[in-house]
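Descriptive structure summary
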Amino acid sequence: MPGSAFAVGSIVSARDREWVVLPSEDAELVRLRPLTGSEQESCSIYLPLEPTALSEATFPPPDPRRAGDFIAGRLVRDAARLGLRSTAAPFRCVGRLSVRPRPYQFVPLIMALRQDPVRMLIADDVGVGKTIEGALVASELLERGDAQRMAVLCPPHLCEQWQRELNEKFHLDAKIVRTSTIARLERELPRRDLSIYQHYRCLVISIDYVKGQSHRYQLLTHCPDLVIVDEAHTCARPPGDRGGDQQQRHELVEELSRSANRHLVLLTATPHSGIEESFRSLLGLLRPEFERLDMETMPERDRERLARHFVQRRRADVARWMGADTPFPERVSTDVAYPLSLEYRELFQGVLDYTRERVQDATSGGSRQRVQFWAAVSLIRCVMSSPAAAFRALSNREGSLADDGEVDEEQRRREILDPVTEEGTIDAVPEAALAQGASDLSDRQKRALRGLRQQAEGLLSGKGDLKVAWVVTAIQDLLGQGNRPIIYCRFIPTAHYVAEQLRQRLKGQYQDLQVVSITGEMDDEQRETRVRELAEAPHRVLVATDCLSEGVNLQSHFDAVIHYDLPWNPNRLEQREGRVDRYGQSAKRVQVMLFVGVDNPIDGAVLNVLIRKARSIRDSLGITVPVPEEAQSVMEAVVQSLFLSHHWTKSTQLGFDYAPHVGFHENMERSAERERVSRTRFAQHAIKPEEVARELEAVDSVLGDPTSVQAFTLGAAERVALNHTRQKHCHLIDASSLVAEGLGPDWKRPRRVTFGDHLQEGVEVVGRSHPLVSALSRRVLSAAFQPLGDQHFSRCGASRTDAVCTRTVLLLLRLRYRLTARRGTDQFAEEILASGFRRDNGRLVWFPPGAEEADGLLESAHVTGSLSPQERERQVADALGLLADPNAKGQLLSLVQARATEMEEAHARLRRYTGGGKLTVTAYDPDLLGLYVFLPGSAR
């Protein structure tokens, strides 16, 4: 047993309290956790200032005068076990998790532990849980001491989501770094010479804030040794000589990857955008030589090397893995073909005639003709989106007389053709394109535009808009079925218009209906606040632009998607639907509706050329194929043919065809085959379920499984007199009296909770690190260790039971360990172990090694007879006397040493899967948390 009083894991006394010594990076700074408290109460003592503050201490034994029954032993054991954070399990981080990862989510972790440094590309399908997988890797590296600090680089709209996930699920206190927070973070630094990237242990950084030259240098100089890059496809090198934001992101991440010791985890559901050069640049961030690999012709040796760093799985690969079912919802898609009213059709035909004239103008050539083309496409898209977008576009076009300048082809494509690119979404009416196209209007054309604008203005009331009328009907049906829909629109004016139309038309049917529009006009915090407030409404509809189509998790509050405007890129369609069609969705089915204009020739072309082919591939292969790069060229050609054609009728719309789509479909099929092969190669079938199963069983034995969490929570709630009601598939718990124990103020009202995988809206899943469990654990342990307190939570007790035939003593032990890793750093670990003995022919017979028999007795025994307070005290005192015997002490030390050896073997077993050096486990004398005497029979 270690002898140093200040060694990691030892017990010391300071300031009239006992503490456990925790690991510290500074030899002069001793980190302490209360002996019976939580890590939230931890503190540090600076030895040069308080050299005599610490002294060696021991764990106090139970007081026989406070003896109760052995039922208290279950609560004390579970409170201590569920309160463990520095666990002795092979996966060290799981003690801190509030979420219970699915078994398949441990596969990237096992892969990561085989590397030094870690270089991983996690490219699992949308909704599989890449955030959990990446954070799990980071949490384990931090817990082991293989990483000291971490940073998440992500798009700005995902910063709050990452901060919340790390805090609530991984107990990592993350600070957000962006323009609005940097000044406050710098003010809170303890010294002026420190960088925020040096001081804070966990950061979530807006990559758009830090990518520029003015901010990049400080990050590169002081960057944490562990970096996660979310939406990593936005950091791929753009093709050709394109610059801009994506190039800056790529340069930043590439520079970060050059550090030989930095851990780098890349997360994306779309690693391959259809551009081979960009995909290989992502692989090059893992190892420079990977950028030279050809995915189709690489030899098996190179494929095996890449497979150590790359995991890519479909939902079908993980829906059932290691005997555990993951309940992904079923997606049910419906196409709704809506007609135009006579008034709206006249507006569309007028705009089409006008734009054809402009595009076909023989006097225009070169750059000027391109300007007119983009202006025409912009106007057509706005007019077919909504009267509000049409009115805005027509007003801009008439009133803006901008200089021609040079047409920015890339900017126009981004504004109009819906590429899912590195630059994020644009939901504003494309005013630049419209203004450029309006710079040389004749008086006749200006009069024509004013007439068209008046027509659009006349439709703003919605009376002549059959599209919005059909959507209102669809929303009525969905709300009637209990659904919670999201309506996605292309433009900001459309989103506001649709939301207002829904409010007006449905206000008499649902008194509690809330309809909210969220667009790119709002900042990230405003969007998050609106979603959170809307989620409180029993009947709710969210109308959003594509500012909410990337990366945001909405499955907890919504379960249906309506595409009000058809996106011109199937990837955008998948992004929208993936916000709700993902793990964690409580609905078994996700309803999807795609609105297609019967009178809109472009909608028909998009549907036939792009979307139906992408859907066919998804249905047959179970994968989403990135649209090839030439999709934009195909869309341009489709639209160009519309403007150059002199004849178009409604009857030709849905059959609208364009010859190049045949070759384009062939390219999509080749892309699909490439994706299928990639997922087959990199689904990581080499990692067998049994490799994970044994370690997860070890985790449950140390920390408790969901059944243990439920038993403790409900048992403790009963003993602390919380109001509790069993409901179908959930429990209603009033924990308002525990707010003082650390629960937030929102617990002042009853909450619905569950302990398993039966997900329901408004029902929280309670895991071992959930705030309710933590608060109950603190209440139980606090009461158990009070000098005078409630016997319901006593550390000792004696009762009669039919579960034993002879007097049996059960011991609750806390075992503390110092773990010394290959790098010589010490870590702290602990576990709760039940053991005990019975007397046979005058000698003590101890339970066999392992806690199964002792735990089984504690779980199954029922009190059949109580004892007087004097008899309970005598029985406990007698048992404590037996433990004072040298033979009993030797038995306990042997038990502890055997458990330390088992732990070393468990870590060695995991290292056989993952690699790495030896871990040495040093055990301390056990802490006697509780002692309970079982006497046979019933009271007479």
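The coordinates are above.
Residues numbered from 1 in each chain as written. Predicted model: local features only at pLDDT ≥ 70, side-chain atom pairs only at ≥ 80, totals over all residues. Heavy atoms only, no water.

Section: the packing of aromatic side chains
Cut-off, in case you're wondering: What counts as a ring pair is set by centres within 6.5 Å for rings of Phe, Tyr and Trp (its six-membered ring), and what kind of pair is set by the plane angle: stacked under 30 degrees, edge-to-face over 60, tilted for all other angles. Under the DSSP-based scheme used, a helix requires at least four consecutive residues in state H or I and a strand at least two consecutive residues in state E, with every element numbered from the N terminus. Only protein chains enter the accessibility calculation, which uses a 1.4 Å probe; a residue whose area is less than 20% of its type maximum is buried, one above 50% is exposed, and one in between is partly exposed. For a Lys NZ or an Arg CZ to count as sitting over a ring, it must be within 6 Å of the ring centre and within 35 degrees of the ring normal.
All chains considered together, the criterion is met by 7 aromatic pairs. Where Tyr338 meets Phe595, the ring centres are 6.3 Å apart and the plane angle is 35°; that geometry is what we call tilted. Of this pair, Tyr338 sits in strand 15 (residues 330–338) while Phe595 sits in strand 20 (residues 589–597), placing them 257 residues apart in sequence. What makes Tyr338 buried here is its relative accessible area of 1%. For Arg540, the ring lying beneath its charged end belongs to Phe558, and the centroid distance is 5.8 Å.

Quick look at the pattern of salt bridges
Stated formally: Basic side-chain nitrogens of Lys or Arg form a salt bridge, by our definition, when they fall within 4 Å of a carboxyl oxygen of Asp or Glu.
A full pass over the atoms with the stated rule returns 53 salt bridges. Between Glu577 and Arg331 there is a salt bridge, with its nearest N and O atoms 2.4 Å apart. Pair noted here: Glu577 is in helix 22 (residues 570–578) and Arg331 is in strand 15, with a separation of 246 residues, a long-range link. By relative accessible area, Arg331 is classed as buried at 15%. A cluster of three or more residues bridged by salt bridges with shared partners is formed by Arg33, Arg814, Arg816, Glu830 and Asp927.

Considerations on the nonpolar core
In plain terms, the rule: Nonpolar cores were defined as sets of buried Ala, Val, Leu, Ile, Met, Phe, Trp, Tyr and Cys residues, with membership established by side-chain atoms within 4.5 Å. Throughout, a contact is declared for two residues whenever any of their heavy atoms are within 4.5 Å.
Judged by nonpolar contacts, the single largest core of 65 residues is most densely connected at Leu347, Ile475, Ile487, Leu502, Val541 and Val543. Residue contributions to this core peak at 8 residues, all from helix 14 (residues 367–385). Sequence-distant contacts of Leu347, defined by excluding residues within four places in its chain, comprise Val383, Ala390, Leu394, Leu452, Gln455, Ala456 and Leu459. Formed by 58 residues, the second largest nonpolar core is a distinct cluster that contains Trp162, Ile228, Leu267 and Cys547.

A closer look at the sheet that holds strand 6 (residues 119–122)
To summarise the sheet geometry, strands pair through backbone hydrogen bonds and adopt either a parallel or an antiparallel arrangement. Spelled out, the test is: Two strands are said to pair when DSSP picks up at least two bridges between them. Axes here refer to lines fitted to C-alpha atoms; in helices the fit is confined to the stretch in contact. Angles between the N-to-C directions go from 0 to 180 degrees.
Pairing within the open sheet is parallel, and its 7 strands lie in the order 8-9-7-10-11-6-12. The outermost strands of the open sheet, each flanked by one partner alone, are strand 8 (175–177) and strand 12 (310–311). Bridging between strand 6 and strand 12 involves 2 bridges; their strand directions are parallel. When the sheet's bridge partners are listed, Leu121 is paired in strand 12 with Phe310. Along the sheet, helix 4 (residues 159–170) makes contact with strand 7 (150–154), strand 8, strand 9 (202–206), strand 10 (226–229) and strand 11 (263–267), crossing strand 9 at roughly 165°.

Some details on the side chain of Ser13
With respect to the helices, strands and loops of the structure, Ser13 is situated in strand 1 (residues 11–14). With a relative accessible area of 18%, Ser13 lands in the buried category.

Things to note about the pairing of strand 27 (residues 826–840)
Counting buried positions along strand 27 yields 11 of 15 residues, so the element is predominantly enclosed. Two strands pair when backbone bridges link them, and strand 27 and strand 28 (residues 843–846) are joined in this way by 4 bridges, in the antiparallel orientation. Bridge pairing links Arg838 to Val845 in strand 28. Counted along the chain from strand 27 to the antiparallel partner strand 28, the turn is 2 residues long, and its residue Asn841 has a positive phi close to 55°.

Topic: the sheet that holds strand 20
Spatial ordering of the open sheet is given by 15-20-19-16-18-17, a layout of 6 strands whose pairing is parallel. In this open sheet, the two edge strands, each paired with only one partner strand, are strand 15 and strand 17 (513–518). Direction aside, neighbouring strands of the sheet carry axes that sit 15° apart on average. Against the sheet, helix 19 (residues 466–480) makes contact with strand 15, strand 16 (485–488), strand 17, strand 18 (539–544), strand 19 (560–563) and strand 20, and its axis sits at roughly 170° relative to strand 20, the strand it touches most. Most of the contacts of helix 22 go to strand 19, to which it runs at about 150°, and overall it touches strand 15, strand 16, strand 19 and strand 20.

Concerning the packing of helix 13 (residues 342–359) against helix 18 (residues 443–458)
This is how the line gets drawn: Angle categories are assigned with fixed cut-offs, so that under 35 degrees is roughly parallel, over 145 is roughly antiparallel, 65 to 115 is roughly perpendicular, and the rest are oblique. Here is the rule for handedness: rotate from the far helix to the near one, and if that takes an anticlockwise turn smaller than a right angle the crossing is left-handed, while a clockwise turn gives right-handed. Residues are grouped as follows: nonpolar covers Ala, Val, Leu, Ile, Met, Phe, Trp, Tyr, Cys and Pro; charged covers Asp, Glu, Lys and Arg; every other residue, Gly included, is treated as polar.
In the contact formed by helix 13 and helix 18, the axes pass within 10 Å of each other and the chain directions differ by 155°. Viewed along their axes, helix 13 and helix 18 adopt a mutual orientation that is roughly antiparallel. In terms of crossing hand, the pair formed by helix 13 and helix 18 is left-handed. Here Glu346, Leu347, Gly350, Val351, Tyr354, Glu357 and Arg358 of helix 13 come into contact with helix 18, specifically with Arg444, Gln445, Leu449, Leu452, Gln455 and Ala456. Grouping the constituent residues of the contact of helix 13 with helix 18 by class yields 6 nonpolar, 3 polar and 4 charged.

Digging into the packing of helix 27 (residues 706–719) against helix 28 (residues 771–784)
A pair of packed helices is captured by two measures, namely the crossing angle of their axes and the spacing between those axes. Relative orientation of the contacting elements helix 27 and helix 28 amounts to 55°, with a least axis distance of 10 Å. It follows from the interaxial angle that helix 27 and helix 28 lie oblique. Along this stretch, helix 27 crosses helix 28, giving a crossing that reads as left-handed. On helix 28, the residues touching Val709, Phe712, Thr713, Ala716 and Ala717 of helix 27 are Leu772, Val773, Leu776, Ser777 and Val780. Partitioned by chemical class, the residues of the contact of helix 27 with helix 28 number 8 nonpolar, 2 polar and no charged.

Notes on unusual backbone geometry
Here Asp116 and Pro117 are connected by a cis peptide whose omega angle stands at 0°. Its place among the elements puts Pro117 in the loop between helix 2 (107–113) and strand 6. In this structure, Glu231 takes a positive phi of about 50° despite not being glycine. Following the sequence through the fold, Glu231 ends up in the loop between strand 10 and helix 9 (244–257).

Some details on the side chain of Thr754
Looking at where Thr754 falls in the secondary structure, it is placed in strand 23 (residues 751–754). Setting aside residues no more than four positions away along its own chain, Thr754 makes contact with His729, Val763, Glu764, Val765 and Val766.

Comments concerning the environment of Gln585
Applicable threshold: The definition of a polar contact used here is a pair of N or O atoms within 3.5 Å, where within protein one atom must be able to donate a hydrogen and the other to accept one, and adjacent residues in sequence count solely through side-chain atom pairs.
Tracing the backbone through its elements, the reader meets Gln585 in the loop between helix 22 and strand 20. Considering only alpha carbons, one finds Gln585 and Phe558, 27 residues apart in sequence, at a separation of 8.3 Å. Engagement of the side chain of Gln585 in a polar contact is seen with the backbone oxygen of Phe558, the distance being 2.8 Å. A distance of 3.1 Å separates a polar atom in the side chain of Gln585 from the backbone nitrogen of Ala587.

Some remarks on helix 18
For an α-helix, 3.6 residues make a turn, and residues three or four places apart therefore share a direction. Going by this rule: Take the number of residues in a helix, subtract one, and multiply by 1.5 Å to get its expected span. This arc is built from the directions going out from the helix axis to the C-beta atoms.
Under the 1.5 Å per step criterion, the end-to-end length of helix 18 is 23 Å for 16 residues, consistent within 8% with the ideal 22 Å. Every buried residue of helix 18 is accounted for by Gln445, Leu449, Leu452 and Ala456. The buried residues of helix 18 all sit within an arc of 65° when viewed along its axis, so they share a single face. Residues of helix 18 that are exposed and point over 90 degrees away from its buried face: Asp443, Arg447, Gln454 and Gly458.

A short note on the pairing of strand 20
Quick reminder of the rule: With its strands directed away from the observer, a crossover is right-handed exactly when the path from the first strand over the helix to the second travels clockwise.
Strand 20 sits mainly inside the fold: 8 of its 9 residues count as buried. Summarising the sheet, strand 15 and strand 20 pair through 9 bridges and their orientation is parallel. Its bridge partner lying in strand 20, Val332 is registered against Gln591. Taken together, the 4 bridges between strand 19 and strand 20 define a ladder with parallel strand orientation. Its bridge partner being in strand 20, Ile562 is matched across the sheet by Met593. Running through helix 22, the crossover from strand 19 to the neighbouring parallel element strand 20 is right-handed.

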